[in-house]
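# Chains, contacts and geometry: an overview
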Amino acid sequence: MKFKTLFLKELREMLSLQTIMTMVISVVILSFAGQAMSKAVEESAETMMDINICDQDDTEFTKNMIKFLTANLAQLDGEVNVVEISSDDYAKELKKADVKNVVIIPEGFTASVENNEAAKVKFVQRLNSLATMSNLNTGSQVAVEYLTAAVKDVVYSTKVSSGKLSNEEVSFLNNPIALEESTVVADKSADISASIVMSLCSAQGMIVPIMMFVLVMMSSNMILNAISTEKIDKTLETLLTAPISRLSVIAAKMLAAAVVAAMQAAVYMFGSKNMMNGVLEKVGSDSGYSEILKDLGLTMDAGQYVLVGIQMFLSILIALSVALVLGVLAKDAKSAQTLTLPIMMCTMIPYMLSMFVDIKTMSPAVRYIVYAIPFTHSFMASENAMFGNYGVYTGGLVYQFIFLIICMFMALKIFMSDRIFTMSIGGKKSQGTANEESES
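Owing to the predicted nature of the structure, the values given are computational and were not obtained by experimental measurement.

### A word on the pattern of salt bridges
- For the structure on display, the rule yields 6 salt bridges.
- Between aspartate 187 and lysine 188 there is a salt bridge, with its nearest N and O atoms 3.5 Å apart.
- Using a relative accessible area of 60% as the deciding quantity, one classes aspartate 187 as exposed.
- Overall, lysine 188 belongs to the partly exposed group, its relative accessible area being 35%.

### Regarding the UniProt feature "transmembrane region" (unreviewed entry) in the protein
- The feature "transmembrane region" (unreviewed entry), as annotated in UniProt, sits at residues 206-227, 247-270, 305-327, 339-357 and 397-415 in this numbering.
- As annotated, residues 339-357 comprises 84% helix and 0% strand, and the C-alpha atoms at either end are separated by 29 Å.

### Details of the nonpolar core
- Grouped together as the largest cluster of nonpolar side chains are 80 residues, with contacts concentrated most on Val197, Leu296, Leu298, Leu324 and Leu353.
- Inspection of this core shows a minimum of three residues originating in each of domain 1 (1-39 + 202-421) and domain 2 (45-191).
- Residues in contact with valine 197, not counting those within four places in the same chain, are Leu127, Thr183, Ile192, Leu293, Leu296 and Leu298.
- With 28 residues, the next largest nonpolar core counts Ile105, Phe123, Val151 and Val155 among its residues.

### Re the packing of aromatic side chains
- Per the counting criterion, the structure on display carries 5 aromatic pairs.
- Each ring, one from phenylalanine 213 and one from tyrosine 351, has its centre 4.9 Å from the other, and the planes form 25 degrees; the classification is stacked. Note that phenylalanine 213 is positioned in helix H8 (residues 194-232) and tyrosine 351 in helix H14 (residues 341-356), a separation of 138 residues in sequence.
- Through a chain of ring-to-ring contacts, three or more aromatic side chains come together here, namely Phe213, Tyr351 and Phe379.

### A closer look at the pairing of strand S1 (residues 51-55)
- Buried residues dominate S1, accounting for 5 of its 5 residues.
- Alternating positions in S1 separate into two faces, Ile51, Ile53 and Asp55 on one and Asn52 and Cys54 on the other, with burial throughout.
- In the classification by handedness, the crossover that spans S1, the intervening helix H3 (residues 60-74) and the parallel strand S2 (residues 80-82) is right-handed.
- As defined by bridge partners, S1 adjoins strand S3 (residues 101-105) across 3 bridges and the pair is classed as parallel. Along S3, the bridge assignment pairs isoleucine 53 with valine 103.

### Focus on the environment of methionine 254
- Checked against the element boundaries, methionine 254 lands in helix H10 (residues 246-287).
- Methionine 254 sits 63 residues away from leucine 317 along the chain, and the two C-alpha atoms are 8.3 Å apart.
- Setting aside residues up to four positions removed in sequence, methionine 254 forms contacts with Leu317, Leu320, Ser321, Leu324 and Met408.

### Description of the sheet that holds strand S5 (residues 177-185)
- The strand order S2-S1-S3-S4-S5-S6 describes an open sheet built from 6 strands, whose pairing is mixed. The open sheet terminates on both sides in strands that have one partner only, identified here as S2 and strand S6 (188-190). Strand-to-strand twist of the sheet, defined as the mean angle between neighbouring strand axes without regard to direction, takes the value 25 degrees.
- Pairing geometry for strand S4 (residues 119-127) and S5, over 9 bridges, is parallel. Across the sheet, lysine 122 pairs through a bridge with glutamate 180, a residue of S5.

### Observations regarding helix H15 (residues 364-371)
- Taken together, the buried positions of H15 are Arg367, Val370 and Tyr371. With its buried residues spanning 100 degrees around the axis, H15 presents them on a single face. Summarising the geometry of H15, the exposed residues directed more than 90 degrees from the buried face are Ala365, Tyr368 and Ile369.

Rules of the game
Residues numbered from 1 in each chain as written. Predicted model: local features only at pLDDT ≥ 70, side-chain atom pairs only at ≥ 80, totals over all residues. Heavy atoms only, no water. Salt bridge = Lys/Arg side-chain N within 4 Å of Asp/Glu carboxyl O. Buried < 20%, exposed > 50% of the residue type's maximum accessible area, 1.4 Å probe, protein only. UniProt positions renumbered as here; feature names shortened; annotations may be inferred. Helix = DSSP H or I, 4+ residues; strand = E, 2+ residues; numbered from the N terminus. Core = buried A, V, L, I, M, F, W, Y, C linked by side-chain atoms within 4.5 Å. Domains from an automatic or database assignment. Contact = heavy atoms within 4.5 Å. Phe/Tyr/Trp six-rings, centres within 6.5 Å; stacked < 30°, edge-to-face > 60°. Right-handed = clockwise from strand over helix to strand, strands pointing away. Pairing = 2+ DSSP bridges. Axes fitted to C-alpha atoms, helices over the stretch in contact; angles between N-to-C directions. Arc of directions from axis to C-beta.

In structure tokens:
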């Protein structure tokens, strides 16, 4: 019986309102992230069977092949879009055609087929993000499979009627297509498969969001625990009644936290740069992939690391200023532990989304909701720097700066007033406070 009583007592204390709210909000956030990812997969699936094709050979053979493709893809809810590619500047041509990828049938394709030689086909893919689900539709395999089937169908229909196929023709039909791939990033292009680029950059695409999440949570916990502990132990009252201005107190706390935050951002950025350089040197030493990634702009230089570090530093300052206010609301140790929930939730949403979907391509309503979270822009900073999205970067930087000023104003207003001693949330009232209220 005693065990049951103790168990129920501990369960009641642990299963507080804050704990229940944490679980409920976590479910809501995970559901929101899941719906966003599901929509990204659905949009990719809708265009998975679509092929953008440029027929530079322009022969009767290639026209029949495109007809075959169109008829077969229509049965799978796919379509063939014929586009014009007039130069080797694929970044410019894809932008002009307003497509993400294109299959190019080069001049001489038909001649290669007639000579029973593997016909070259070029597949060009634009990468706009390193997020996993934003590049599900690479298209190259779909294109090769259906072009191979189209070549076989046209060859059979044109040659079988005139007689039996030769051994040379049969051997050719086993592998009639020779695929060449190019990847476009921003205004640069290189002869490399988009899937290889994604695999090489996957570590870089994940390390910055992980570092950002850890830094924000560590910094906010640091300042929140410092303020809440001082308030609970009554040392904050002593400090604020000392012959020193409150502005000096909060400035000292924020400056110290900012110095630590700047050191953390610099250390993590330096470590990330060394780690990625080491990975690329190891992987690309023989294959030459490291040079290709540099040509595509997918390896950040010192200036880009500085840009990422600036946004990371602003996010940490925002987290510190919010944690400063939340720390004042703590009334006991248990309530202080749950007060990091708002920061954690606002960090988890962009953290999860940035790794799996391209936030820039989400529906406007959802995108601007996510943009309203100041930490989002730091999670996107490395991609914005690498892909040349400096307009998005600058907009996020300005928004973070304005958000920081508002948060700092609120923190100053609270610290400069006596509400710092009366504000609280959660926890039971102390005996002294209860006596004072009963006397009044």
